Amino acid sequence: MKKGLIQVLLIGFLLSLLVACGSESNNGTAANNESDQNDEKEVLIMATSADFPPFESYDTDGNFEGFDIEIAKVIAEELGYELEIEDMSFDGLIGALQSGRVDFVMAGMSATEERRQNVDFSKEYHRSGEMFIYQPDESINGLEELEGKTVGVQLGTIQEEGADVLSEEYGFEVKKVDDASVLIQELMSNRIDVAYMDKTVATGYINSQGLEGFDDPTTSSPGMGIAFPKGSELVEQVNEILTALEKDGTIDELEEEWLSEYE
Ligand code: ARG
């Protein structure tokens, strides 16, 4: 009787071990785990927040498109991987890297010192300042005129942090939303007075929605980098590829194609 019970417990224990191993290899970084399953190309998983044209968004067929997406495709190709893209909220990207769920992040992410505590960055591949944008029936010509207004920002961004500081000095409210396209909807439907975001993206909305805006005179943000889990050996390889793409004119061509209308 007693022996039977021990056997049952033992089998249960072994089964649970098996399940644990199985799920680990499903959740682990694809780049390291796909190889033993078949002979197909290994997969490199990139995470992004596809709410940020012209860097990353969806085309009308529901495919990812944008400057970051194109650079990521070239990098994966050069490294000999198949690229898989996961869309998530911007606020969750650093955590996805830290837990090793994804191999890298391209999301118009500014390579700040604070983020460098938790992730590694490639060299910068683009630089954009910040802008405050608003509907044309408003007239807000500088930080002093933000007093009493509601300024929207995307959660987890450098603008969230910047707005928290500036709001103290200039007396405005800060509204935080987790999606940059929702931020624009909030602005268009008058639920916020102003949106504070990367200049390149803001310029796109100024042009397409007839908005107005002014540059943030206080900004000192670094350029955008590709983010990796700390210690990832991909950083060096990707930097070499980026340098080659700069030299052979690929980056210039992609900038011309994706960013020239947003300058
Ligand atoms: N450049 C800003 C930052 O790094 C905003 C980036 C937002 N990106 C996005 N895909 N929504 O904080």
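Everything numeric here is computed off the predicted structure, so don't read it as measured data. (Residues numbered from 1 in each chain as written. Predicted model: local features only at pLDDT ≥ 70, side-chain atom pairs only at ≥ 80, totals over all residues. Heavy atoms only, no water.)

Asks: What is the right way to look at the overall build of the chain in this model?
Replies: When its secondary structure is counted, the chain shows ten helices and twelve strands. A buried classification covers 45% of the 263 residues belonging to the chain. Contacts spanning at least 24 positions in sequence make up 71% of the contacts within the chain whose residues lie at least 6 apart. Summed over its atoms, the accessible surface of the chain is roughly 13,600 Å², and 47% of this surface lies on carbon and sulfur atoms. (Helix = DSSP H or I, 4+ residues; strand = E, 2+ residues; numbered from the N terminus. Buried < 20%, exposed > 50% of the residue type's maximum accessible area, 1.4 Å probe, protein only. Contact = heavy atoms within 4.5 Å. Areas by Shrake-Rupley, 256 points an atom, 1.4 Å probe, with all protein chains shown as cover.)

Asks: Can you help me understand the site of the ligand in this one?
Replies: Lining the immediate environment of the ligand, one finds 15 residues, of which Asp51, Ser110, Arg115, Gln154 and Ile158 sit closest. At 2.8 Å from an oxygen atom of the ligand is found a side-chain nitrogen or oxygen belonging to Arg115. Between the ligand and Gln154, the relevant distance is 2.8 Å, taken from a nitrogen atom to a side-chain nitrogen or oxygen of the residue. Bound to the protein, the ligand loses 100% of the 350 Å² it would expose on its own. (Near = heavy atom within 4 Å. Polar contact = N/O pair within 3.5 Å; in protein donor to acceptor, adjacent residues only side chain to side chain.)

Asks: Even after reading the chapter, I still don't get a negative patch on the surface, so can you show me in this structure?
Replies: On the surface, a cluster of negative charge is contributed by Glu77, Glu78, Asp248, Asp252, Glu253, Glu256 and Glu257. Considering each element in turn, the negative patch owes the most residues, four residues, to helix α10 (residues 250-258). Within the secondary structure, Glu77 is located in helix α3 (residues 67-79). (Patch = residues over 30% accessible without salt bridge, like charges linked within 9 Å, V, L, I, M, F, W, Y side chains within 5 Å. Salt bridge = Lys/Arg side-chain N within 4 Å of Asp/Glu carboxyl O. Lys, Arg positive; Asp, Glu negative; His and termini not counted. Charge placed at Lys NZ, Arg CZ, Asp CG, Glu CD.)

Asks: Quick question: what am I supposed to make of the nonpolar core here?
Replies: Nonpolar side chains tend to gather and get buried jointly when the protein is soluble and globular. Core analysis: the largest hydrophobic core is formed by 43 residues, its most contacted members being Ile71, Ile133 and Ile226. Of all the elements in the fold, those that place two or more residues in this core are β1 (43-48), α3, β7 (130-134), α7 (180-188), β10 (194-198), α8 (199-209), α9 (234-247) and α10. With sequence-adjacent residues up to four places away left out, Ile226 is seen in contact with Ile75, Phe104, Val105, Met106, Asp120, Phe121, Ser122, Tyr125, Val238 and Leu242. (Core = buried A, V, L, I, M, F, W, Y, C linked by side-chain atoms within 4.5 Å.)

Asks: Explanation requested: α9 in the structure shown.
Replies: Residues three or four positions apart in an α-helix share a direction because the helix packs 3.6 residues into each turn. The terminal C-alpha atoms of α9, which comprises 14 residues, lie 20 Å apart, in line with the 20 Å expected from a rise of 1.5 Å per residue. Inspection of α9 places Leu234, Val235, Val238, Ile241, Leu242 and Leu245 among the buried residues, and these make up the whole buried set. Taken down its axis, α9 places every buried residue within 125° of arc, on the same side. Residues of α9 that are exposed and angled more than 90 degrees away from the buried face: Glu236, Glu240 and Lys247. Considering only its buried residues, α9 is in contact with β1, α3, β6 (119-121), β12 (227-229) and α10. Trailing α9 by a residue or two, Gly249 shows a phi angle of about 90°, which is positive. (Expected span 1.5 Å × (residues − 1). Arc of directions from axis to C-beta.)

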